[in-house]
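# Per-entry structural report
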Amino acid sequence: MTNLTISLDESIIRSARMRALSEGSSVSAKVREFLAQYASNTDAQMKAGEAIIAMAKASRGINAEGVKWTKDDANDRYAASSKNLSP
């Protein structure tokens, strides 16, 4: 395992130590957890974002025929769908 030195305000460290202690952990363990999650999710988040953009571009719902939706159209759809939800 490699050591990492960081500089933080004393008040942040004090608060982090108290919170970690109340959770039965340590600041070092919390930093390890955060950095591991941060490092591993980057690729997954990028791939998910790229997939959403690709699907949006491929969608036929993108104003292909010059149709413009208004706020009233959206409200009409909401009103119609909420009527179908009543018991």
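Above this text sits the structure in question.
Residues numbered from 1 in each chain as written. Predicted model: local features only at pLDDT ≥ 70, side-chain atom pairs only at ≥ 80, totals over all residues. Heavy atoms only, no water.

### Things to note about the overall build of the chain
Inclusion rule: Think of it this way: any DSSP run of H or I at least four residues long counts as a helix, any run of E at least two long counts as a strand, and we number them from the N terminus. With a 1.4 Å probe rolled over the protein chains alone, any residue whose accessible area is under 20% of its type maximum counts as buried; one over 50% counts as exposed, and the rest are partly exposed. We get accessible surface area from the Shrake-Rupley algorithm with a probe of 1.4 Å; when it comes to residues, only the shown protein chains can shield them.
If you tally the helices and strands in the chain, you get 3 helices and 0 strands. With 87 residues in all, the chain has 2% of them scored as buried. Carbon and sulfur atoms form 57% of the exposed surface of the chain, whose accessible area is close to 8400 Å².

### A closer look at the environment of K30
So the rule is basically this: Residue contacts are defined here by distance: any two heavy atoms, one from each residue, within 4.5 Å place the two residues in contact. We define a polar contact as two N or O atoms separated by no more than 3.5 Å, with the added condition that, inside protein, one atom must be a possible hydrogen donor and the other a possible acceptor, whereas residues neighbouring each other in sequence contribute only through side-chain atom pairs.
With respect to the element layout, K30 can be found in helix α2 (residues 27–58). Each C-alpha atom of the pair K30 and A16 lies 9.0 Å from the other, and the pair is 14 residues apart in sequence. Aside from chain neighbours lying at most four places away, what touches K30 is A20, E23 and S25. At a separation of 3.0 Å, a polar atom in the side chain of K30 contacts the side chain of E23.

### Describing the packing of aromatic side chains
Note the threshold: Only the six-membered ring of Trp is used, alongside the rings of Phe and Tyr, when aromatic pairs are assigned; centres must lie within 6.5 Å, and planes under 30 degrees apart are stacked while those over 60 apart are edge-to-face, with the rest tilted.
Tallying each qualifying case throughout the model produces 1 aromatic pair. With centroids separated by 5.7 Å and ring planes inclined at 20°, the aromatic side chains of F34 and Y38 adopt a geometry described as stacked. With F34 and Y38 both in helix α2 and 4 residues apart, the pair spans about one turn of that helix. Here Y38 falls in the exposed class, since its relative accessible area comes to 56%.

### Topic: the layout of surface pockets
The cut-off we apply is this: Here a cavity is any set of points on a 1 Å grid over the protein atoms alone where a 1.4 Å probe fits but cannot get out, and a pocket is any open set with protein on both sides within 12 Å along at least 5 of 7 lines; a residue lines the site when it has an atom within 4 Å of a point. Grid points are joined across faces, edges and corners, and a volume is the space filled by probe spheres set on the points. Each residue is assigned to one class: nonpolar for Ala, Val, Leu, Ile, Met, Phe, Trp, Tyr, Cys and Pro, charged for Asp, Glu, Lys and Arg, and polar for all the others, Gly among them.
Of the voids in this model, the largest pocket is the one considered here, and its volume is about 460 Å³. Taken together, 13 residues form the lining of the largest pocket, with L4, I6, V27, S28 and V31 sitting closest to its centre. Taken together, the elements giving at least two residues each to the lining of the largest pocket come down to α1 (10–22) and α2. Of all the elements, α2 adds the most residues to the lining of the largest pocket, at 5 residues. Class assignment for the residues of the lining of the largest pocket results in 8 nonpolar, 3 polar and 2 charged. In this structure, the second largest pocket encloses a volume near 180 Å³. Lining the second largest pocket we find I6, L8, I12, I13, A16, R19, A20, E23, V27, K30 and V31.

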